[in-house]
Amino acid sequence: MRVTVLREIPEDAELSRNWNRLVGRMEHPEVFFTYQWALAASRAFRSMLSPLLLLMHEADELCGVAALAVPPHGQPFASFLSSSTADYCDIVSAPETRASVLACLLQEISDLELRGLTLANLPSESSTLKVLPTIARAVRFHLTSRPAYECGLVELGSEDQRHQMLHTVTHKSREQRGLKKLAKIGPLHLSHVVKLHEAEDCLRQVVSAQVSRFLATDRISPLLRPERRLFLREITSLLASEEWLKISELKVNGQAVAWNYGFHFGDSWFWYLPSFKVGYEDCSPGSCLLRLLVEEGCADPSLRWLDLGLGDESYKNRFATTVRKTSHVQLSSSLPDHVRIIGRQLVTTEAMRFPQAGDRLRRVKQLMHSLSHRLRDKGVSATLAHLGRRAARIGISRDEILLFEGPATEAAKQSDLCLNPLTWENLAEAAIQNADDSDTIQYLLRAAARLKTGGTAGLVLHDQLGNAVHFLAVTSCDGFHVAEIDYTLELADDSRAMIFDCWTPARYRGLGYYSLAIRLAASNVQTSGKNAFIFCAATNTPSIRGILKAGFTYRFSLVRRRNLGVSKVVQRSQTDSIASSMARSAPASG
């Protein structure tokens with residue numbers, strides 16, 4: 001068997017045909033094993049991974065493919081090129097030649113002086129799992145294997161089984177209620193997008209909905225990363241040209257509310273990237289879409305099953321009739337590496353057995369990460385001073401909050417920039433634009449929690465190009481909790497609104513957007529018949545300057561004094577903080 005090693009996935013039509021023909025001879029062909037999937041991954045992740053393609057030939061016939069990757073820098077360990085995007089991964093070959101292909105692969109890994117190989121998400125029925133232990137021992141590789149995931153499958157079966165399944169899914173009460181709720185809004189329509197020019201627009205909606213859904217559940221979507229979105233664009237183009245792409249849309253009254261970015265490959269229909277609009281979650285639109293797909297699958301004799309993919313979401317269990325297990329295999333040529341791998345697996349297993357201990361370890365890890373981040377950015381002296389101030393404040397401290405009233409309506413100047421209501425769509429777009437700004441992402445998670453709860457108006461300032469340059473929130477002053485001093489405002493009327501939690505992404509700071517945004521927000525509040533207020537800490541000089549620049553007027557202060565755990569808040573009508581702040585910020589004369 002002859003082995004060819006390439007450091008890229010070449011754009012070669014003949015290789016594509018031979019590769020995919022070999023995929024068709026596997027135990028269970030998957031779209032994830034195809035040439036197109038490997039090519040899309042190599043294009044999208046080239047800044048993070050270096051492709052390592054091993055092609056095995058017998059008598060000039062392609063008989064094995066290993067699409068691997070190695071980090072551009074760091075430890076010399078190889079892994080599947082598609083491991084971060086594919087629900088299943090495997091060495092491509094016919095089952096009867098898998099042992100010979102694996103032997104050549106491990107020998108080549110050793111010749112390339114790589115110290116190990118990680119094979120993630122190997123399907124349980126793969127011949128690789130059966131023959132690999134013997135091959136690994138023969139070429140002196142240490143092997144560890146552990147269960148990875150269980151993927152739900154809707155096995156369609158015979159005609160009688162399909163009729164029975166159809167009867168079962170159409171009587172599921174949750175989906176029945178959801179479809180009835182959606183039908184009250186407007187006519188329901190299920191459609192499938194397979195053409196590239198339609199798929200690109202649909203993909204943008206899927207990404208926006210998925211990012212929004214993660215924010216709404218206090219999570220950060222992996223699609224915030226540009227390479228992830230690039231991969232989806234690449235795979236959309238490549239699979240559409242092969243007619244394997246199948247994006248399903250559930251529309252209500254002509255508006256899409258749920259999607260499945262999926263594939264129809266061979267006898268399998270894949271549930272790969274489902275999403276839905278956050279505002280419809282009470283109708284379970286994702287589950288409703290899945291029910292409709294199962295109904296359609298039952299009527300298609302060319303389909304063997306609907307694969308629900310990775311993830312243990314509870315709604316999948318309502319439809320799955322069986323599961324496919326996957327394994328995570330690691331091979332290492334070094335005994336110390338092998339011991340470290342086993343140690344990590346033991347720690348992970350124990351953390352799963354004792355989740356509370358695992359949570360504490362994660363919190364300690366986060367604390368250490370935050371401390372190291374501050375040390376790197378501020379230095380040792382500044383970090384020690386910060387920790388000292390925090391320790392001192394536990395005993396004795398004094399905090400002052402200044403409150404300002406907004407300018408008269410006629411004083412609010414017009415602007416070319418727009419202050420718009422915060423929606424799930426522009427929240428998702430802002431998250432994508434600021435994926436590398438971790439502080440802004442944390443702010444957007446707070447804004448998403450408010451948007452989901454309701455009662456607080458979120459606003460976003462867009463520039464002429466549509467970029468989100470500033471965010472803020474508005475709510476009633478009565479009952480407003482000033483977290484900085486742990487104090488709740490109690491007013492006799494509801495004629496005042498509070499502008500709070502203002503935020504400018506890092507790249508837009510220093511351009512005057514803060515002052516403009518709060519001035520426009522005050523104008524909006526006054527239009528509704530209320531007076532606008534805003535507050536800030538007396539020590540926050542930039543914020544005070546921005547507030548005064550926007551035309552706000554100082555009204556009073558709230559001062560909290562803490563003495564050995566006893567806290568008291570008093571109101572003052574005067575403060576020296578504004579004058580001293582402005583003096584500190586004024587340029588030196590002479």
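So, how was this worked out
Residues numbered from 1 in each chain as written. Predicted model: local features only at pLDDT ≥ 70, side-chain atom pairs only at ≥ 80, totals over all residues. Heavy atoms only, no water. Helix = DSSP H or I, 4+ residues; strand = E, 2+ residues; numbered from the N terminus. Contact = heavy atoms within 4.5 Å. Areas by Shrake-Rupley, 256 points an atom, 1.4 Å probe, with all protein chains shown as cover. Lys, Arg positive; Asp, Glu negative; His and termini not counted. Charge placed at Lys NZ, Arg CZ, Asp CG, Glu CD. Buried < 20%, exposed > 50% of the residue type's maximum accessible area, 1.4 Å probe, protein only. Pairing = 2+ DSSP bridges. Axes fitted to C-alpha atoms, helices over the stretch in contact; angles between N-to-C directions. Salt bridge = Lys/Arg side-chain N within 4 Å of Asp/Glu carboxyl O. pLDDT = per-residue confidence, 0-100. Parallel < 35°, antiparallel > 145°, perpendicular 65-115°, else oblique. Nonpolar A, V, L, I, M, F, W, Y, C, P; charged D, E, K, R; others polar. Expected span 1.5 Å × (residues − 1). Core = buried A, V, L, I, M, F, W, Y, C linked by side-chain atoms within 4.5 Å. Disulfide = S-S within 2.5 Å.

**Regarding the overall build of the protein chain**
- Scanning the protein chain from N- to C-terminus turns up 18 helices and 22 strands.
- Expressed as lengths along the three principal axes of its C-alpha atoms, the size of the protein chain is roughly 90 × 60 × 45 Å.
- Considering only residue pairs separated by 6 or more positions, the protein chain has 73% of its internal contacts joining residues 24 or more positions apart.
- Total accessible area on the protein chain is roughly 29500 Å²; 52% of this is exposed by carbon and sulfur atoms.
- On the protein chain, the mean spot of the 69 positive side-chain charges and the mean spot of the 62 negative ones are 8 Å from each other.

**Comments concerning the pairing of strand β3 (residues 61-70)**
- The element β3 is largely enclosed, with a buried count of nine among its 10 residues.
- Across nine bridges, strand β2 (residues 50-58) lies against β3 in antiparallel orientation. Among the inter-strand pairings, P51 is bridged to a residue of β3, identified as A69.
- Remark: two residues form the turn of the hairpin made by β2 and β3, two consecutive strands paired antiparallel; A59 in that turn has positive phi of roughly 55°.

**Digging into the sheet that holds strand β6 (residues 142-155)**
- With respect to topology, 12 strands assemble into an open sheet ordered β1-β2-β3-β4-β5-β12-β6-β11-β10-β9-β8-β7, the strand pairing being mixed. The open sheet has two free edges, formed respectively by β1 (2-6) and β7 (188-193), since each of these has just one partner strand. Neighbouring strand axes in the sheet, compared pairwise and without regard to direction, differ in orientation by 25° on average.
- As judged from the eight bridges shared by strand β8 (residues 245-252) and strand β9 (residues 255-265), these two strands associate in the antiparallel manner. The residue bridging V252 from the neighbouring strand is Q255, located in β9.
- On the sheet, helix α4 (residues 127-138) packs against β5 (116-123), β6 and β12 (322-332) and is oriented at approximately 15° with respect to β12.

**With respect to the pattern of salt bridges**
- Following the criterion strictly, the structure yields 22 salt bridges and no others.
- Across the pair E313 and K316 runs a salt bridge, and its minimum N-O distance is 3.3 Å.
- Given a relative accessible area of 35%, E313 falls into the partly exposed group.
- On the basis of relative accessible area, K316 is assigned to the buried category, the value being 5%.

**Concerning the confidence of the model for the protein chain**
- Across the protein chain, the average pLDDT comes to 89, with 91% of residues at or above 70.
- In the model, residues 586-590 has pLDDT below 50 throughout and makes zero contacts with residues more than four positions away in sequence or in other chains.

**Let's talk about helix α2 (residues 35-44)**
- By the criterion of burial, α2 is predominantly enclosed, with 10 of the 10 residues buried.
- Along α2, the residues that are buried comprise Y35, Q36, W37, A38, L39, A40, A41, S42, R43 and A44.
- If you follow the buried residues of α2, they end up packed against α1 (13-23), β2, β3, α8 (226-242), β9 and β10 (268-276).

**Details of the packing of α1 against α2**
- Direction vectors running N to C along α1 and α2 enclose 125°, while the axes themselves pass 9 Å from each other. Between α1 and α2, the crossing angle belongs to the class labelled oblique. Counted together, L15, S16, W19 and N20 of α1 and Y35, Q36 and A38 of α2 form the full contact between these two elements.
- Taken together, the residues of the contact of α1 with α2 break down into four nonpolar, three polar and no charged.

**Things to note about helix α3 (residues 98-111)**
- Taking 1.5 Å of rise per residue, 14 residues should cover 20 Å, and α3 covers 20 Å from first to last C-alpha, within 8% of that figure.
- Of all the residues in α3, the buried ones are R98, V101, L102, C104, L105, L106, E108 and I109.
- Phi turns positive one or two residues past the end of α3, at E113, with a value near 60°.

**Here we look at the nonpolar core**
- Core analysis: the biggest nonpolar cluster contains 103 residues, and W19 and Y261 have the highest contact counts within it.
- When residues in this core are grouped by element, the largest group, nine residues, is from helix α7 (residues 196-216).
- If sequence neighbours within four positions are ignored, Y261 has contacts with L203, V206, L232, I235, T236, L245, K246, I247, Y272 and L273.
- Among the nonpolar cores identified, the runner-up in size contains 31 residues, and L459, L472, Y514 and Y554 belong to it.

**Quick word on the side chain of S42**
- One can find S42 in helix α2.
- Overall, the relative accessible area of 10% leaves S42 in the buried class.

**Side note on unusual backbone geometry**
- For D60, which is not glycine, the phi dihedral falls at a positive 65°.
- Residue placement: D60 occurs in the loop between β2 and β3.
- Residue class for D60 comes out exposed when judged on its relative accessible area of 68%.
- If you check the backbone angles, N253 has positive phi at about 55° while not being a glycine.
- Considering the arrangement of structural elements, one finds N253 in the loop between β8 and β9.

**So, the state of the cysteines**
- Within this structure, the stated rule accounts for zero disulfides.
- Free of any disulfide, C283 has its nearest cysteine sulfur in C288, 7.4 Å distant.
- Residue C418 stays outside any disulfide, its sulfur separated by 18 Å from that of C502, the closest cysteine.
- Using a relative accessible area of 40% as the deciding quantity, one classes C418 as partly exposed.

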